[in-house]
Amino acid sequence: MILVNVLVIVMLATAVLAVMLATEDNQVERSAHLRFAGQAMATARGGEMSAIAALRRDLAHDMAAGNRSDTLAEPWANIADTDARIVGGHFSFVVSDAQNRFNINNLAHGDVISIGALEAVAANVGIAPDTVAAIVVLLHKHGPAQDLSELRAAGVGEGELQRLSLLCVALPTPTTVNVNTAPEALLTIMTGNPATAHAIILARGKGGIGEGGTIGLKSGPGADHILLPPGTGVASDYFWARGRVTSGGTSQQLTSLLHRRLDQGQPVVVAIQRWRGAAPLAAPAFGK
């Protein structure tokens with residue numbers, strides 16, 4: 001009987017010890033997971049800081065040169081990594097011009113040119129005129145959208161949203177489409193002429209388009225010019241910075257909307273919105 005009691009006590013003690021060890025293992029595993037997640041997010045924030053520094057330098061250079069323009073040949077547009085190896089994992093990062101798309105929030109201010117542009121874009125992606133009218137009403141009534149996904153309330157379907165995200169974006173203030181970075185498909189819609197859109201693409205290959213539609217770095221009376229369509233420009237104030245970090249079996253994503261401006265003559269770049277995890281529809285994809 002004594003032996004049985006001893007065996008029961010030993011079994012109970014073993015069970016309690018097993019529970020304690022399992023709890024401790026879970027706590028250790030959770031602590032490690034949080035540590036790796038924190039390291040991954042810190043790396044993603046480091047990528048954001050590199051984008052901010054590059055964009056600030058670019059604006060300072062433009063102001064010194066006296067010609068504001070943003071092109072895909074500039075350093076900020078070439079900050080990109082895809083699954084680059086880092087200690088304990090991988091890192092992907094991309095910087096993109098957010099004004100390479102038509103800003104739907106221009107409609108919140110009743111701009112006639114913007115309504116016409118949206119109608120043309122919508123027709124291109126197969127959105128019915130009644131739905132376009134509902135989008136205009138939605139934005140007039142509720143103000144600027146935070147993301148294109150809010151257009152579901154106007155009856156825009158999932159497939160339509162995906163196609164729209166290739167040509168449109170939701171930015172907090174009215175903007176123009178940057179002809180130096182916009183896709184040829186959008187330029188064709190904005191100009192209403194494929195030949196004009198292609199001429200813009202060719203001009204971008206000659207050093208980009210500067211203020212006043214000048215082509216390349218040359219300015220003055222002898223410079224070549226191109227006529228910019230309404231609702232377009234050559235410089236940008238909003239940019240995307242998107243990072244994905246895998247470390248210790250955890251994956252973290254950070255998407256930042258950066259706003260660049262001059263403050264008392266000095267370039268300033270700040271992250272005005274951040275998304276952890278799923279990114280907005282119009283955010284850039286990582287390279288392959």
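None of the values given here were measured: they were computed from a predicted structure. (Residues numbered from 1 in each chain as written. Predicted model: local features only at pLDDT ≥ 70, side-chain atom pairs only at ≥ 80, totals over all residues. Heavy atoms only, no water.)

1. What about the overall build of the protein?
Rules: Under the DSSP-based scheme used, a helix requires at least four consecutive residues in state H or I and a strand at least two consecutive residues in state E, with every element numbered from the N terminus. Throughout, exposure labels follow a simple rule: accessible area from a 1.4 Å probe, protein chains only, divided by the maximum for the residue type, with under 20% read as buried, over 50% as exposed, and the rest as partly exposed. Methods summary: accessible areas were calculated by the Shrake-Rupley approach with a probe of 1.4 Å, and residue burial reflects only the protein chains presented.
Within the protein, the regular secondary structure consists of 6 helices and 9 strands. Among the 288 residues that make up the protein, the fraction classed as buried is 42%. Split by element, the accessible area of the protein, about 14900 Å² in all, is 60% carbon and sulfur.

2. Quick notes on the packing of helix 5 (residues 184–191) against helix 6 (residues 194–204)
Applicable threshold: Note on geometry: axes are lines fitted to C-alpha atoms, helical ones only across the stretch in contact, with angles between N-to-C directions running from 0 to 180 degrees. Any angle from 65 to 115 degrees is called roughly perpendicular, while one under 35 is roughly parallel, one over 145 is roughly antiparallel, and all others are oblique. When the near helix sits turned anticlockwise from the far one by under a right angle, the crossing is termed left-handed; a clockwise turn instead gives a right-handed crossing. Contacts: residue pairs with any heavy atoms within 4.5 Å of one another. Each residue receives one of three labels: charged for Asp, Glu, Lys and Arg, nonpolar for Ala, Val, Leu, Ile, Met, Phe, Trp, Tyr, Cys and Pro, and polar for the others, Gly being one of them.
Between helix 5 and helix 6, the least distance of the axes is 8 Å, while the angle of their chain directions is 130°. On the basis of their axis angle, the class for helix 5 and helix 6 is oblique. Crossing geometry of helix 5 relative to helix 6 is assigned as right-handed. Of the residues in helix 6, those touching helix 5 at Glu-184, Leu-187, Thr-188 and Thr-191 are Pro-194, Thr-196, Ala-197, His-198, Ile-200, Ile-201 and Arg-204. The residue inventory of the contact of helix 5 with helix 6, partitioned by class, reads 5 nonpolar, 4 polar and 2 charged.

3. Re the side chain of Ser-114
Within the fold, Ser-114 resides in helix 2 (residues 112–125). Discounting chain neighbours no more than four positions away, the residues touching Ser-114 are Phe-102, Asn-106 and Leu-107.

4. Some thoughts on the packing of aromatic side chains
For clarity, the threshold we go by: Each Phe, Tyr or Trp ring, with Trp reduced to its six-membered ring, pairs with another whose centre is within 6.5 Å; inter-plane angles below 30 degrees give stacked pairs, above 60 give edge-to-face pairs, and intermediate values give tilted ones.
Applying the stated criterion across every chain yields a total of 3 aromatic pairs. Between Trp-76 and Phe-239, the ring centres sit 5.0 Å apart and the planes meet at 75°, which makes this aromatic pair edge-to-face. Taken together, the residues Trp-76 in the loop between helix 1 (2–65) and strand 1 (80–86) and Phe-239 in strand 7 (residues 238–247) connect sequence positions 163 residues apart. Here Trp-76 falls in the buried class, since its relative accessible area comes to 1%. On the numbers, 5.9 Å between centres and 50° between planes, the contact of Trp-240 with Trp-275 is tilted. Placement of the pair is Trp-240 in strand 7 and Trp-275 in strand 9 (residues 266–276), with a sequence separation of 35 residues. Across this residue pair, the class does not change: Trp-240 and Trp-275 are buried.

5. A closer look at the pattern of salt bridges
Applied cut-off: Definition used for salt bridges: Asp or Glu carboxyl oxygen within 4 Å of a side-chain nitrogen of Lys or Arg.
Here the structure, examined in full by the defined rule, presents 8 salt bridges. Between Asp-70 and Arg-68 there is a salt bridge, with its nearest N and O atoms 3.8 Å apart. The exposure class of Asp-70 is buried, given its relative accessible area of 0%.

6. Some points on the sheet that holds strand 9
The line we're drawing: Here, a strand pair is defined by DSSP locating no fewer than two bridges between the strands.
Taken in spatial order, the 5 strands of this open sheet run 1-2-7-8-9, and their pairing is antiparallel. The open sheet has two edge strands with one neighbour each: strand 1 and strand 9. Neighbour-to-neighbour, the strand axes of the sheet open up by a mean angle of 20°, direction not taken into account. Relative to strand 9, strand 8 (residues 250–263) runs antiparallel, the two being bridged by 10 bridges. Bridging from a neighbouring strand, Ser-256 pairs with Arg-274 of strand 9.

7. Here's the deal with helix 5
Formally: The directions from the helix axis to the C-beta atoms are what the arc is built from.
Those residues of helix 5 that sit buried are Leu-186, Leu-187, Ile-189 and Met-190. Taken down its axis, helix 5 places every buried residue within 160° of arc, on the same side. Each element contacted by the buried residues of helix 5 is listed here: strand 3 (102–103), helix 2, strand 5 (177–178), helix 6 and strand 6 (232–233). Phi turns positive one or two residues past the end of helix 5, at Gly-192, with a value near 75°.

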